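The lines below spell out each chain.
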Amino acid sequence: MSDQPLSTDVPAGAIADDPVWLQKLSPIWFAQRNGEVFRNQTAVVYGDRCYTYGEFAERVNRLASSLRQHGLRPGDRVAFLCPNIPPMLEAHFAVPLAGGVLVAINVRLSAAEIGHILVDSGATFLFVDSELSPLVDSAAAPSLRMVNIFDTPAPSPLVGPSYEEFLAAGRPTPVEPWLASEYDTIAINYTSGTTGRPKGSMYSHRGAYLVALGDALHNRLGPDSRYLWTLPMFHCNGWGYTWGVLAAGGTNVCLRRFDPALVWQFIEREEITNLCAAPTILIALANHPSAHAVQLKRPLTVGTGGSPPSPTILAQFKALGIKVVHLYGLTETYGPVALCQEQPEWSGLSNGEEAKLKARQGVPSIVAGGMRVVDDAMRDVPADGETMGEVVMRGNVVMKGYYAQPEATATAFRGGWFHSGDLAVRHPDGYVELRDRMKDVVISGGENVSTIEVEGVIYQHPAVLEVAVVAIPDERWGEVPKAFVTLKAGQVVTAEEIIDFCRARLAHFKSPKAIEFGELPKTSTGKIQKYVLREREWSGREKRIN
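Here is a short report on the structure shown in this document. (Residues numbered from 1 in each chain as written. Predicted model: local features only at pLDDT ≥ 70, side-chain atom pairs only at ≥ 80, totals over all residues. Heavy atoms only, no water.)

## Points about the packing of aromatic side chains
So, point 1. Under the defined criterion, the tally for this structure stands at 12 aromatic pairs.
So, point 2. Ring centres of phenylalanine 30 and tyrosine 209 lie 5.2 Å apart, and the angle between their planes is 25°; on these two criteria the pair is classed as stacked. Placement of the pair is phenylalanine 30 in helix H1 (residues 28-37) and tyrosine 209 in helix H6 (residues 205-218), with a sequence separation of 179 residues.
So, point 3. Judged by centre distance (6.4 Å) and plane angle (85°), the rings of phenylalanine 413 and phenylalanine 418 are edge-to-face.
So, point 4. Owing to a relative accessible area of 24%, phenylalanine 413 belongs among the partly exposed residues under this scheme.
So, point 5. The exposure class of phenylalanine 418 is buried, given its relative accessible area of 2%.
So, point 6. The ring of tyrosine 402 is capped by lysine 199, whose NZ or CZ atom sits 5.1 Å from the centre of that ring.
So, point 7. For the cation-ring pair, arginine 394 lies above tryptophan 417, with the distance from its terminal atom to the ring centre recorded as 5.8 Å. (Phe/Tyr/Trp six-rings, centres within 6.5 Å; stacked < 30°, edge-to-face > 60°. Helix = DSSP H or I, 4+ residues; strand = E, 2+ residues; numbered from the N terminus. Buried < 20%, exposed > 50% of the residue type's maximum accessible area, 1.4 Å probe, protein only. Lys NZ or Arg CZ within 6 Å of the ring centre and 35° of its normal.)

## What about the pairing of strand S25 (residues 514-517)?
Residues in a regular strand point their side chains to alternate faces of the sheet.
So, point 1. As paired strands, strand S24 (residues 478-487) and S25 are joined by four bridges and run parallel to one another. Bridge pairing in S25 places valine 485 opposite phenylalanine 517.
So, point 2. Where the polypeptide runs from S24 across helix H15 (residues 495-503) and back to S25, its parallel neighbour, the crossover connection is right-handed. (Pairing = 2+ DSSP bridges. Right-handed = clockwise from strand over helix to strand, strands pointing away.)

## Side note on the pattern of salt bridges
So, point 1. Under the definition given, this model contains 29 salt bridges.
So, point 2. For arginine 360, the salt bridge goes to aspartate 429, with nearest N and O atoms at 3.0 Å. On the criterion of sequence distance, the pair formed by arginine 360 in the loop between helix H12 (351-358) and strand S15 (363-364) and aspartate 429 in the loop between strand S19 (418-426) and strand S20 (432-437) is long-range, its members being 69 residues apart.
So, point 3. On the basis of relative accessible area, arginine 360 is assigned to the buried category, the value being 4%.
So, point 4. Residue aspartate 429 is classed as partly exposed on the basis of its relative accessible area, which comes to 44%.
So, point 5. Through salt bridges with shared partners, a single ionic network connects Arg49, Asp129, Glu131, Asp151, Arg256 and Arg257. (Salt bridge = Lys/Arg side-chain N within 4 Å of Asp/Glu carboxyl O.)

## Observations regarding the sheet that holds strand S16 (residues 370-374)
So, point 1. If you walk across this open sheet you meet the four strands as S16-S17-S19-S20, and the pairing is antiparallel. Unpaired on one side and paired on the other, S16 and S20 mark the two borders of the sheet. Across the sheet, the axes of successive neighbouring strands diverge by a mean angle of 45°, strand direction being ignored.
So, point 2. Examined bridge by bridge, S16 and strand S17 (residues 389-394) share five bridges and lie antiparallel to one another. The partner of valine 373 across the bridge, within S17, is valine 391. (Axes fitted to C-alpha atoms, helices over the stretch in contact; angles between N-to-C directions.)

## Side note on the side chain of serine 162
So, point 1. Position of serine 162 relative to the elements: it lies in the loop between strand S6 (145-149) and helix H5 (163-168).
So, point 2. Excluding its chain neighbours within four sequence positions, the residues that come into contact with serine 162 are Val147, Asn148 and Phe150. (Contact = heavy atoms within 4.5 Å.)

## Re the environment of proline 27
So, point 1. Summarising the element assignment, proline 27 is placed in the segment before H1.
So, point 2. As a C-alpha pair, proline 27 and alanine 208 span 181 residues in sequence and 6.6 Å in three-dimensional space.
So, point 3. With near-sequence residues (within four places) excluded, proline 27 lies in contact with Phe93, Ile186, His205, Ala208, Tyr209 and Trp243.

## Overview of the sheet that holds S24
So, point 1. Ordered in space as S23-S24-S25, the three strands form an open sheet in which the pairing is mixed. Taken across any chain shown, the strands that pair with only one partner, and hence form the sheet edges, are strand S23 (464-474) and S25. Within this sheet the neighbouring strands show an average axis-to-axis angle of 25°, counted without direction.
So, point 2. Pairing of S23 with S24 involves 10 bridges; the strand directions are antiparallel. Bridging from a neighbouring strand, isoleucine 472 pairs with valine 480 of S24.
So, point 3. Packed on one face of the sheet, helix H16 (residues 530-538) meets S23, S24 and S25 and runs near 40° to S23.

## A closer look at the packing of H6 against helix H8 (residues 241-248)
So, point 1. Running from N to C, H6 and H8 cross one another at 65°; their axes reach a closest spacing of 8 Å. The two elements H6 and H8 cross, and the hand of that crossing is right-handed. Seen from H6, the contacting residues are Ala208, Ala212, Leu213, Asp215 and Ala216; seen from H8, they are Tyr241, Trp243, Gly244, Ala247 and Ala248. (Left-handed = near helix turned anticlockwise from the far one by under 90°.)

## Side note on H1
So, point 1. Taken as a whole, H1 has its buried residues at Ile28, Trp29, Phe30, Ala31, Asn34 and Gly35.
So, point 2. Packed against the buried residues of H1 are helix H2 (53-69), helix H3 (86-98), H6 and H8.

## Regarding the side chain of threonine 333
So, point 1. Within the secondary structure, threonine 333 is located in the loop between strand S13 (323-330) and strand S14 (335-339).
So, point 2. One polar contact links the side chain of threonine 333 to the main-chain carbonyl oxygen of glycine 335, over a distance of 2.8 Å. (Polar contact = N/O pair within 3.5 Å; in protein donor to acceptor, adjacent residues only side chain to side chain.)

## Quick word on the nonpolar core
So, point 1. Grouped together as the largest cluster of nonpolar side chains are 110 residues, with contacts concentrated most on Leu67, Phe80 and Phe127.
So, point 2. Counting residues per element, this core draws most heavily on H3, which supplies eight residues.
So, point 3. Core analysis: the second largest hydrophobic core is formed by 50 residues, Val302, Val442, Tyr459 and Ile515 among them. (Core = buried A, V, L, I, M, F, W, Y, C linked by side-chain atoms within 4.5 Å.)

## Digging into unusual backbone geometry
So, point 1. The backbone of tyrosine 334 sits at a positive phi, close to 60°, despite the residue not being glycine.
So, point 2. On the secondary structure map, tyrosine 334 appears in the loop between S13 and S14.
So, point 3. Although it is not a glycine, alanine 404 adopts a positive phi angle of roughly 60°.
So, point 4. In this fold, alanine 404 is placed in the loop between strand S18 (401-402) and helix H13 (406-412).
So, point 5. Note on alanine 404: relative accessible area 61%, which makes it exposed.

Laid out in structure tokens, this is it:
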């Protein structure tokens, strides 16, 4: 790449050839529009720093124009390795505005995994938070242009300018976009890689625009909304909220790392109206002493997804006066593709009955396309709440495909639908309810056992904080369920008591045959890593292939 600054002019035909009745759908317009409309309103809060919408738009313009001046060409990948701080939010608008593709990297990956993503994506720029710089081997990617984000004291800063120096090289005035098509790739998000190398899911400008509007609509975001960043921005671009909160003119309250006490403090002090988190994060919040001490100054709505929340945790949040919206999706669907749309008649039900309904994955969002539950022949299963099939989707918020992996894309898109790998039933009212991941179902003596169902029962035990159920080998039945349980602080219970508790509420073949107490392995987004537990139990044994 040349060191000479390149022109920031728009390539011929990028915008000028559009008909007068068309503006390509892209989230980049949100920052431009609201930089004028809400010029003096607060867009971002981070510690003692605040940026108005006007200031945020200027910083986005500076970053975009500086990227071009430093050699970015249309389609170049720009990687960001940083927590939920303002530069990550600015990148979601500036990188696509400049014509680049954002690659937001999981901050809890190993150096080897980060290196793989940088090489696989072909990133040409890497912006690194000072605290995370030891995870980057600059010698392994000599062609990368490095930029240091000095948010904390740097243990080993990389060669390259600071983030603020990089911004200072740009200009605050509006930047004309490089956008040939609304189907251009806006971001590449890598899957967890639990069954092999991570795959890069490609999102389009159009899909990102629509998922942002869906987030704003379904969660009633507006200029008076205050969104707390408990969900990592690197995870499916913060489920689209990186763009959705700005679209609504709301305020982003950034949080560098999750801490239950700090979250409750922010909720009260910053008058938070919205946040998103995985169910394990909700468990940590609901069981923290501050949960019952905090004074909610405004109604709070929490979006949860990533794994099915138990009816128990949903009932706990309702008792706190907090509304929880259950979302469902995957990395390949921009995060949430469906939600459990609340119905008016549910308010007349008991807390337990209502929580059970809200624990379902629900129906497609207003911006999504089709979502079906099908058998192996791609036929819809009966809507009887019993017959299981695989959840498949297609439409506006399904990825374009896996980056540089046409065979994996073809497999995922077989039959003209995206195959989720999730097993579910469809209820008579049309709502979908997950029963398990295909690889997580326990087949015991020829009977299918839903680990989600078993976990839901164990969560009802008053001593249980968290639980994960996996299949373990068994000489007689082939495999049987085993539960890994984390108890609440100060609680004591035996394995036999947990098993008896389950047998009083489940068929005996569904009840766990073994219990192990301790901490559960989790991803950076709070999802329990069942594969770690499963591999430990099957080590040296022939595993069942799902």
